Amino acid sequence: MKEQLTAKFQELFGSTEGTRLYFSPGRVNLIGEHTDYNGGHVFPCALTLGTYGIARKRKDRIMHFYSMNLDSFGIVEASLDDLTNKEVYDWANYPLGVVWAFSKRGYLPDTGFDMVIWGNIPNGSGLSSSASLEVLTGVILKDLFEIDKLSRTDLALIGQYSENNFNGCNCGIMDQFTVAMGKKDNAIFLDTATLNFEYAPIELDDAKIIITNSKVKHNLVDSKYNERRQECADALAALQEELDINTLGDLDMDIFDKFKDVIKDPVKTKRAKHAVAENQRTIEAVKALKSGDIIRFGKLMNQSHVSLRDDYEVSCEEIDLLVDLAWSVPGVIGSRITGGGFGGCTVSIVKNDAIDTFMKTVGNGYKECFGYDADFYTVEIGDGARKLDN
Ligand code: GAF
């Protein structure tokens, strides 16, 4: 990809002298969904799919953004003197939002820059194409403008801040953190209340992790994502009348069951129940994995799906069918919706000798019902965002 990016940069900006290359992954979450803005645990990993970028500083205050995935937009031009979200910028509001977030931290770049990107994360699939682009931009700015003080965690927080405050999705920290901190062949067990984390090796000798893309595009800004977040905040506020807690992640199911009636609203009670139960499941799942009990891990993935479908209500009929079909295949250890929901992908752990049957059963059943193909990706867990050798 480096060659194509470099050739495009040359074509657009006349030379490639002084350019640098970068890569930032997407992510898949194995378990721990909608827990990250509830002070709970998550267990995602970075992918080898991601976003590539080539960039170079300019001498003036202009920024140029170009996406090789969206050639029809042409070059998007913005100025360091007007860091505002504009509809015409479209996708470029993501990198621009990161420049804005850098400026809020006191790191407004002293010159503009040219940046060309290309990515292979299917768009709107729940595999964090936006976090990938945000952290990519952060890595580029840190490197081009030699902002050594910013750590990888800072880049994740800056990405989240820009998404929350510049692009209107009130997301948690999971995606940007995973993209910034990913480690080859490891998932990240992250406590989102403290940002303490540990890497957990994913060593599945006789199984693979497979992502299935429903191709139902989700857009978290327009979806009910922010509404779910508010429902959890309301439930927490009600519980705080009785309990000395900071987040729903501070609760276990026994305490939740004892106090849940103070929430009053049955819908908000269901949302909070999911957040509490999912956090407990995630902790248990990582324990199971560490002790080599992948079967238990898979069962917890399945329970996670049921909870996201029935209590959190972020699934849809396409995703439910993918999961139901997966569950019907012997050799599927676990399968669930992954990411924000309202479309997107499922993640399944499938025994090697069942992969063919899995793809046929899920693929054919899905096409029969909805008239188009689902896509399958075998997960390779990769490293976090970084500069590449030119
Ligand atoms: C999206 C958000 F960006 C994450 O912060 C997280 O809440 C996830 O949905 C659900 O677990 O990817």
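What you see is a predicted model; the values in this text were computed from it and never measured.

1. Side note on the UniProt feature "binding site: ATP" (unreviewed entry) in the protein
Right, on to step 1. In this numbering, the UniProt entry assigns the feature "binding site: ATP" (unreviewed entry) to Ser67, Gly124, Ser125, Gly126, Leu127, Ser128, Ser129 and Ser130.
Right, on to step 2. Tracing the sequence through the fold places Ser67 in strand E3 (residues 62-67).
Right, on to step 3. Ser67 gets classed as buried once you count the C-beta atoms within 10 Å, which come to 23.
Right, on to step 4. The contacts of Ser67, once residues within four sequence positions are left out, are Phe73, Trp91 and Ile117.
Right, on to step 5. Mapped onto the elements of the fold, Gly124 is located in the loop between strand E5 (113-119) and helix H3 (129-144).

2. Regarding the pairing of E5
Right, on to step 1. Of all seven residues in E5, six are buried; the element is thus mostly enclosed.
Right, on to step 2. For E3 and E5, the ladder comprises five bridges, and the chain directions are parallel. Paired with His64 across the bridge in E5 is Asp114.

3. A short note on the environment of Thr357
Right, on to step 1. Structurally, Thr357 is set in helix H11 (residues 355-370).
Right, on to step 2. In sequence terms Thr357 and Ala326 are 31 residues apart; their C-alpha atoms lie 9.7 Å from each other.

4. Digging into the UniProt feature "binding site: substrate" (unreviewed entry) in the protein
Right, on to step 1. Feature annotation in UniProt places "binding site: substrate" (unreviewed entry) on Glu33, His34, Thr35, Asp36 and Tyr225, given in this structure's numbering. In terms of the greatest pairwise C-alpha distance, the residues named above, spread along 193 residues, form a tight cluster of at most 12.6 Å across.
Right, on to step 2. Residue position: His34 is located in the loop between strand E1 (20-31) and strand E2 (41-57).
Right, on to step 3. Given 28 C-beta atoms within a 10 Å radius, His34 is considered buried.
Right, on to step 4. Filtering out sequence-adjacent residues up to four positions away, His34 remains in contact with Arg228, His274, Ala275, Glu278, Tyr312 and Val314.
Right, on to step 5. In this structure, Tyr225 sits in helix H6 (residues 225-240).
Right, on to step 6. Here Tyr225 falls in the buried class, since 21 other C-beta atoms lie within 10 Å of it.

5. Notes on the pairing of strand E10 (residues 345-351)
Right, on to step 1. Burial within E10 is extensive, with six of its seven residues counted as buried.
Right, on to step 2. Note: strand E8 (residues 207-213) against E10, seven bridges, orientation antiparallel. The residue of E10 that forms the bridge with Thr212 is Thr346.
Right, on to step 3. Both strand E9 (residues 332-338) and E10 contribute to a ladder of six bridges, which runs antiparallel. The residue bridging Val332 from the neighbouring strand is Val350, located in E10.
Right, on to step 4. Linking E9 to E10, which pair antiparallel, is a turn of six residues; within it Gly339 sits at a positive phi near 90 degrees.

Criteria and cut-off values
Residue positions within a chain follow its written sequence, with the count starting from 1. Local features are withheld for residues below a pLDDT of 70 in this predicted model, meaning they are given only at 70 or higher, and side-chain atom pairs are given and counted only at 80 or more; totals for whole chains, interfaces and linings count all residues. UniProt positions are given in the numbering used here, feature names are shortened, and annotations may be inferred rather than shown by experiment. Segments assigned H or I by DSSP are reported as helices when at least four residues long, segments assigned E as strands when at least two residues long, and all are numbered from the N terminus. Burial is judged by counting other C-beta atoms within 10 Å of a residue's own C-beta: 20 or more means buried, 12 or fewer means exposed, and anything between counts as partly exposed, with every C-beta placed from the backbone. A pair of residues counts as a contact when their C-beta atoms, built from backbone coordinates, are within 7 Å of each other. By the convention used here, strands pair only if DSSP detects at least 2 bridges between them.

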